[in-house]
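Examination of the molecular architecture
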Protein chains: 2
Amino acid sequence: MTEHGTGRRGQHRRAAPTMKHVAALAGVSVMTVSRALATPDRVSPEALEKVRRAVLQTGYVPDRNAGALSSQRSHIVALTLPTLANGNFADLAEGISDILLPAGYQPLIGHSGHSLEKEEELVRIMLARRPDAFVLVGTTHSRETSRLLHASGITVIETWEYTDNPVDLCVGFSNRRAGELAAEHLAGLGHRQLAAIGGSLDDTLKDYRGEQRLRGFRDAARRLGLPDPVILREAVVPIRHGQGAGTMARLLDDHPGASAVFAISDTMAFGAMMECQRRGIAVPRQLSILGFGDFDIAGQCLPGLSTISVDPVAMGRMIGDRILERMAGSAPRSEETAPRIVLRHSTSAPPGA
Amino acid sequence: MTEHGTGRRGQHRRAAPTMKHVAALAGVSVMTVSRALATPDRVSPEALEKVRRAVLQTGYVPDRNAGALSSQRSHIVALTLPTLANGNFADLAEGISDILLPAGYQPLIGHSGHSLEKEEELVRIMLARRPDAFVLVGTTHSRETSRLLHASGITVIETWEYTDNPVDLCVGFSNRRAGELAAEHLAGLGHRQLAAIGGSLDDTLKDYRGEQRLRGFRDAARRLGLPDPVILREAVVPIRHGQGAGTMARLLDDHPGASAVFAISDTMAFGAMMECQRRGIAVPRQLSILGFGDFDIAGQCLPGLSTISVDPVAMGRMIGDRILERMAGSAPRSEETAPRIVLRHSTSAPPGA
DNA sequence: CTGTTAGCGCGTTCAA
DNA sequence: TTGAACGCGCTAACAG
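Residues numbered from 1 in each chain as written. Chains lettered and ligands numbered in written order. Predicted model: local features only at pLDDT ≥ 70, side-chain atom pairs only at ≥ 80, totals over all residues. Heavy atoms only, no water.

Here's the deal with the UniProt feature "domain: HTH lacI-type" (unreviewed entry) in chain A
Here is the rule: UniProt positions are given in the numbering used here, feature names are shortened, and annotations may be inferred rather than shown by experiment. Secondary structure elements are defined from DSSP: runs of H or I of at least 4 residues count as helices, runs of E of at least 2 residues count as strands, and each element is numbered from the N terminus.
UniProt marks residues 17-71 of chain A with the feature "domain: HTH lacI-type" (unreviewed entry), using the numbering shown here. Helix makes up 71% of residues 17-71 of chain A and strand 0%, whereas the separation of the span's terminal C-alpha atoms amounts to 21 Å.

Written out as structure tokens, the structure is:
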């Protein structure tokens, strides 16, 4: 018998109190402490009280990672977003957290910067924490990402886009449909020459969902018998307001014929509106602008921005609920949510009408 | 000998592959796999290759929680923010992530909704994951929060405010100083009757940092010999644009004398600008407006919003660096960063000047 | 209701 | 360079 284990750890900080410390202080076994914390009703009132006191005295906080190792349930839910600096995704994350945290699950948030390679790296890093469920924005992933997720055998929820062939579960909306909605709204107002501004088609950084919206927009315009919309893809994700202004400037310079513009996001739409204001173009009298996302700013700018809302907080809560159902053993179904138009004052009939 | 341990876990999903599986497949011991992944140079090229293949074939991802339990280093860094739906905090989080992730640390993000009680709960939940470091926005915490952090014995970094008495380390700026800067700028332009709009003093939901900015603003005005600024605290955190408009409306109705307004955040400032536009008040000719935060929108709206920047991404990176230094065994110092004015076009000399 | 035993997946330590 | 033993902190399973 060599004596391992005594003082074998090198220099390191004072350790946090463990269950053993609490048990010793309370004069009960470690198991009783464990039960007192997890299933208080299976412990005698006296033992419970002793444990409670010892916990308070030591400032003990259970080590859930150790618990996870033992119980094979980490109570971690991984969440990969394209970026945090986007109100919609932040709202989505808060919606998910609002449901999961009170239920004892810990969201683990990461951001991929709209890159599939970074997403794959992130998935690998997060899988190393053995989450009980994995939430991904988007349905486009690298082969290896899909394989890793599949091999992990955990619940996977894809969101922010709807697909009939999810890795596992899907809670999202059709971005094509959102684009169609945009075209239908503008056509309904009487516009014929439409335009759209969106993100670049850069090889590695791509807004796949935004691209779907643009396609839906174009296809709906065709279906409605309108000329093909002018589509400018110049913004680099993550999109900031300035990109909207720049792309709008290009549109006004090179394709002055359009009377209505669909912007891939409110962020771009606002920048576009400012560019119009700078040039003395009245919105919506001379030019209609329609956004996407119903960001906070859409309701505050002048004129109020007409936009398409997908209610990220509600979607997040729905995702949280689905995860809890799955954890409880039931088999929730995928769900397609419906984007809807929010009418404000940036769209109206075209000038000649 | 009763036979425990065989199939003792109840119904649960297909388990992820473990190091044992990889070792068996590679025909080496578990330890060799461990070393092949952690210290490849201490493993023979042949063994390394066998392991590498087995890893690829199984889609194995190491369990870092188990690793953490063994090594006593979780490589997790906890981060509590007031909210994700605030560009500054999102940027801060991304800045921290940008440094930590490549170094092998996993940020764990939570949001407290500006509530000290929720923060305490969050700290407890996050401590249960045994982070190697803890980052908190703000220097105001509940007694229990401070106690828990102290008892945990880990590195703690407070940010977004500077204090000489941090729990452990502090990387932040003086919010008072930011407020003073605002008053000095406006006074320098010739304004005498100043005003400020900020968050409510609700009992539980408080923007402590914003309040410090307001106090710095007031004190600097006094020091400069100006009449006391009118300060309206009506917005409820988290502040959205609409609150700026409402508070501005109240200011214009009840205190029409002020020629310059400092808004506690760009979000409020923008709402305030829109309210002015709605009323036909020209900014900055009739009224100057100064924001805080240098949010994306400040550079895009018209007129461009003069504001105070604290560079959250840089601060985040600084925090990440400090954490890595501490992990490497050195003793980094606290750092006070300096807020700075970003001049655009929403402030100018007062009407009569 | 309580305690004992065993083991979750890994890294540390020591021995070969 | 490799492997075996051991234990990190906790919970499942069982015995009392």
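Picking up after the structure, the text goes on.
Observations regarding the sheet that holds strand 6 (residues 194-199) of chain B
Residues and elements named next belong to chain B. Heads up, the rule is: DSSP bridges decide pairing: two strands pair if at least two such bridges lie between them. To get an axis, fit a line to the C-alpha atoms, keeping to the stretch in contact for a helix; angles then go from 0 to 180 degrees between the N-to-C directions. In what follows, a contact means two residues having at least one pair of non-hydrogen atoms within 4.5 Å.
Here four strands make up an open sheet; going across it, the order is 7-6-8-9 and the pairing parallel. Single-partner strands in this sheet number two, and they are strand 7 (230-235) and strand 9 (288-290). On average, each strand axis in the sheet is tilted by 20° relative to the strand beside it, whichever way the strands run. Taken together, the four bridges between strand 6 and strand 8 (residues 260-263) define a ladder with parallel strand orientation. The residue of strand 8 that forms the bridge with A195 is V261. Sitting on the sheet, helix 9 (residues 208-223) touches strand 6, strand 7 and strand 8, and the angle it makes with strand 6 is about 165°.

Some words on the pattern of salt bridges
How we decide: Only one rule defines a salt bridge in this text: a Lys or Arg side-chain nitrogen within 4 Å of an Asp or Glu carboxyl oxygen. When accessible area is computed with a 1.4 Å probe and restricted to protein chains, residues below 20% of their type maximum are described as buried, those above 50% as exposed, and intermediate ones as partly exposed.
Inspection of the entire model under this criterion finds 46 salt bridges over all chains. Between D168(A) and R326(A) there is a salt bridge, with the nearest N and O atoms lying 3.0 Å from each other. Linking D168(A) in the loop between strand 4 (155-159) and strand 5 (169-173) with R326(A) in helix 12 (residues 312-327), this pair joins segments that are 158 residues apart in sequence. R326(A) gets classed as partly exposed once you look at its relative accessible area, which sits at 24%. R53(B) serves as the salt-bridge partner of E49(B), at 3.2 Å between the closest nitrogen and oxygen. You can see E49(B) and its partner R53(B) sitting in helix 3 (residues 45-58), four residues apart, about one turn around the helix. Look at the salt bridges and you will find they share partners, linking E120(A), R124(A), E144(A) and R147(A) into a network.

Points about helix 1 (residues 19-26) of chain A
All names here are of chain A. Quick note on the threshold: Of all possible arcs, the one meant is that of the directions from the helix axis to the C-beta atoms. We call two N or O atoms a polar contact when they sit within 3.5 Å, provided that within protein one can donate a hydrogen and the other can accept it, with sequence-adjacent residues counted only if both atoms are side-chain atoms.
Every buried residue of helix 1 is accounted for by M19, V22, A23 and A26. One side of helix 1 holds all its buried residues, which, seen down the axis, span an arc of 100°. Turned more than 90 degrees away from the buried face of helix 1 sit K20 and A24, all of them exposed. Looking at the buried positions of helix 1, the neighbouring elements they touch are helix 2 (30-38) and helix 3 (45-58). One side-chain oxygen of the residue at the start of helix 1 lies 3.1 Å from the amide nitrogen of K20, identifying that residue as T18. The first or second residue beyond helix 1 is G27, which carries a positive phi of 70°.

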